[in-house]
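Structural overview for review
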Amino acid sequence: MLFSTAHPAGRLVAAAAVGSAFMLALAGCSSPSEGTSPTEVTIWHYWDGTNADTFDAMVAEYNDAHPDVKISASNVPNADFLTKLRASATSRTLPDIAIGDLIWVPQIEQMGGLADLSKTLPSATLADINPALTSFGNIGGAQVSVPVSANNLAYMYNKTLFTEAGLDPEDPPTTWDDLLSTGRTILEKTGKPGYDLFTQAGDSGEGLTWNFQVNLWQTGGEFLNDDNSAAAFNTPEGAEALQFWVDLIDSGVSPYAKWGEFEKGQGGSAQEGSWMVGIWAADPPFEFGVARAPYPTDGHAATNLGGEQAMIFDNSDKEAAAASDFLAWFLEPDQVTAWSEKTGMLPVLSSVATGTDYLDWVDSTEPRLRPFVEQMADAHARPNTPLYPQISLAFATEIEKALAGEASVSEALDKAEAAVNAVIDKG
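This one's a predicted model, so the numbers in the text were calculated from it and none came from an experiment. (Residues numbered from 1 in each chain as written. Predicted model: local features only at pLDDT ≥ 70, side-chain atom pairs only at ≥ 80, totals over all residues. Heavy atoms only, no water.)

**A few points about the packing of aromatic side chains**
What characterises a pair of aromatic rings is the spacing of the ring centres plus the angle enclosed by the ring planes. Taken as a whole and assessed by the stated rule, the structure comprises 30 aromatic pairs. Summarising the aromatic geometry, the rings of Y157 and F162 are spaced 4.7 Å apart at their centres and angled 45° between planes, so their arrangement reads as tilted. On the accessibility criterion, Y157 (3% relative accessible area) is buried. Seen from their ring centres, W176 and F244 are 4.1 Å apart, and the 5° between their planes marks the pair as stacked. Here F244 lies in helix α10 (residues 236–250) and W176 lies in helix α8 (residues 176–190), a separation of 68 residues in the sequence. Classification of W176 as buried rests on a relative accessible area of 6%. The class for F244 is buried, based on a relative accessible area of 8%. A connected cluster of aromatic rings, assembled from ring pairs, spans W47, F55, Y62, F326, W329, F330 and W339. When the ring centre of W44 is taken as reference, the NZ or CZ atom of K84 above it lies at 4.8 Å. Between the NZ or CZ atom of R368 and the centre of the ring of F288, over which it lies, the distance is 4.0 Å. (Phe/Tyr/Trp six-rings, centres within 6.5 Å; stacked < 30°, edge-to-face > 60°. Buried < 20%, exposed > 50% of the residue type's maximum accessible area, 1.4 Å probe, protein only. Helix = DSSP H or I, 4+ residues; strand = E, 2+ residues; numbered from the N terminus. Lys NZ or Arg CZ within 6 Å of the ring centre and 35° of its normal.)

This is how it looks when you write it as structure tokens:
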């Protein structure tokens, strides 16, 4: 597992015994009646390794405490997930629950048949979920998804290079000016880049877009307008964010097309995801630290959310009720705490993310997670539109030209705005 943790005896079993009101829709909460069989609920996810093992163990806990229900979880590879789901929609063999990447939700919603979870999950549970995550799953006034895991982006840095450069490894930058100054010092003293930037669009554009959105939001800008019907980034705030990236490249602090130097130990810092803490925890490649994402002195703290969301297909009243009960159980504080501690994912419930039980575990077991956890209060979600993948690529393709020195900031923003609006207009 990513993190070794000891839970109070019986925590999961006790939590599993707490049924929700939705079990009333099932045939009963004790052993199946004679001549009847359990309600079968199928779940598709793409987790593997520790995440899959932990999820399977929690499914088994739930099944043991709810003999009238049999949850079966299957792994569908990430690359095949949407294709297989679309084929299943056509053949009417959809799973009862699909758990996939956050940005897939609008595309899956277009397949039809998703249950409105605001009508089946406890209102107290929905109110406790990080608002940015619930807002992402709200489409057309219906809550079509809820988060089951979360991650975000923060500042990670190489403490060894900080020391070599004469910098205090316990005093990372907190502002953009600090980041630029620190990066210059690392470059001058060690000859290595001070800060990695994701500067190339690649096949999907999302690496560049996702990272850039953090800085855009920090300036007070927005990526799309409120109803996702037009680009909203071609503003003074958007220009400030893009100019910051250009300044980092022009200074040599962030060389163009050099993403990955930090992870190889050849760079001072980078904006990295919370999952990197878990990946490196057991055998770190170098001594690293984590801090909240630096932002402009006149700006706002912000980061970008990732993670998985769960959706229920309304295959039948009985199966949908059982699926809702499982999700309600999975999203109870004890389960969210156990899942987060075992996998290293960030809690989706505000009560857990700010509670002493979980935070004491973080501070004693993996304190480098603390900045990521604290940033959940400032996290934004990407626009929940099915066109987002095409929008992201169109945006990144034009913005890359400014980073490569092939266009000015204003030219790149103008062309990116036109390209994004063309995607939206085409639909």
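**Re empty space enclosed by the protein**
Inspection of the entire model under this criterion finds 2 cavities of 30 Å³ or more. In this structure, the largest cavity occupies an estimated 40 Å³ of space. Lining the largest cavity are R292, A293, Y295, A301, A302, Q375 and D378. For the lining of the largest cavity, the residue count by class is 4 nonpolar, 1 polar and 2 charged. What the second largest cavity holds in volume is close to 30 Å³. Surrounding the second largest cavity, Y195, D196, L197, F198, N211, W245, W259 and Q271 form its lining. (1 Å grid on protein atoms, 1.4 Å probe; cavity = no way out; pocket = protein on both sides within 12 Å on 5 of 7 lines; lining within 4 Å. Points joined across faces, edges and corners; volume = space filled by probe spheres on them. Nonpolar A, V, L, I, M, F, W, Y, C, P; charged D, E, K, R; others polar.)

**Observations regarding α10**
Taking 1.5 Å per residue, 15 residues should reach 21 Å; α10 reaches 20 Å between its end C-alpha atoms and fits that length. Those residues of α10 not exposed but buried are G238, A241, L242, F244, W245, V246, L248 and I249. Looking at the packing, one finds that the buried side of α10 touches α8, α9 (206–218), α17 (388–403) and α18 (409–426). Phi turns positive one or two residues past the end of α10, at G252, with a value near 90°. (Expected span 1.5 Å × (residues − 1). Contact = heavy atoms within 4.5 Å.)

**Comments concerning the sheet that holds strand β11 (residues 308–312)**
Ordered in space as β2-β1-β3-β11-β6, the 5 strands form an open sheet in which the pairing is mixed. Of all strands in the sheet, those bounded by a partner on one side alone are β2 (69–75) and β6 (146–147). Relative to β11, β6 is paired through 2 bridges, and the arrangement is antiparallel. Across the sheet, the residue bridging to P147 is Q309, located in β11. Contacts between helix α2 (residues 49–65) and the sheet are confined to β1 (39–45), β2 and β3 (97–101), with β2 contributing the most and set at about 170° to the helix. Docked against the sheet, helix α12 (residues 317–330) engages β1, β2, β3, β6 and β11, running at close to 60° with respect to β1. (Pairing = 2+ DSSP bridges. Axes fitted to C-alpha atoms, helices over the stretch in contact; angles between N-to-C directions.)

**Brief notes about unusual backbone geometry**
Leave glycine aside and you will find that most residues have negative phi; peptide bonds, for their part, are mostly trans. We note that R92 has phi near 55°; this positive angle belongs to a residue other than glycine. Mapped onto the elements, R92 comes out in the loop between α3 (81–91) and β3. Look at N228: it is not a glycine, yet its phi comes out positive at around 60°. Of note, N228 is situated in the loop between α9 and α10.

**Considering the nonpolar core**
Core analysis: the largest hydrophobic core is formed by 126 residues, its most contacted members being I97 and F326. What I97 contacts, discounting residues up to four positions off in sequence, is V41, T42, I43, W44, A310, M311, I312, A323, F326 and L327. (Core = buried A, V, L, I, M, F, W, Y, C linked by side-chain atoms within 4.5 Å.)

**Comments concerning the layout of surface pockets**
Once rolled over the atoms, a probe with the size of a water molecule shows which space is left empty. The space that makes up the largest pocket amounts to roughly 740 Å³. In this structure, the largest pocket is lined by 26 residues; those nearest its centre are Y46, N151, W275, G307 and E308. Sorting the residues of the lining of the largest pocket by element identifies α2, α9 and α11 (275–281) as the ones contributing at least two each. A per-class count over the lining of the largest pocket returns 9 nonpolar, 12 polar and 5 charged. What lines the second largest pocket is a set of 15 residues, among which E222, N225, N228, A381 and P383 lie closest to the centre. Looking at the lining of the second largest pocket, the element that brings in the most residues is helix α6 (residues 131–136), giving 3 residues. Residues of the lining of the second largest pocket, tallied by class, amount to 7 nonpolar, 5 polar and 3 charged.

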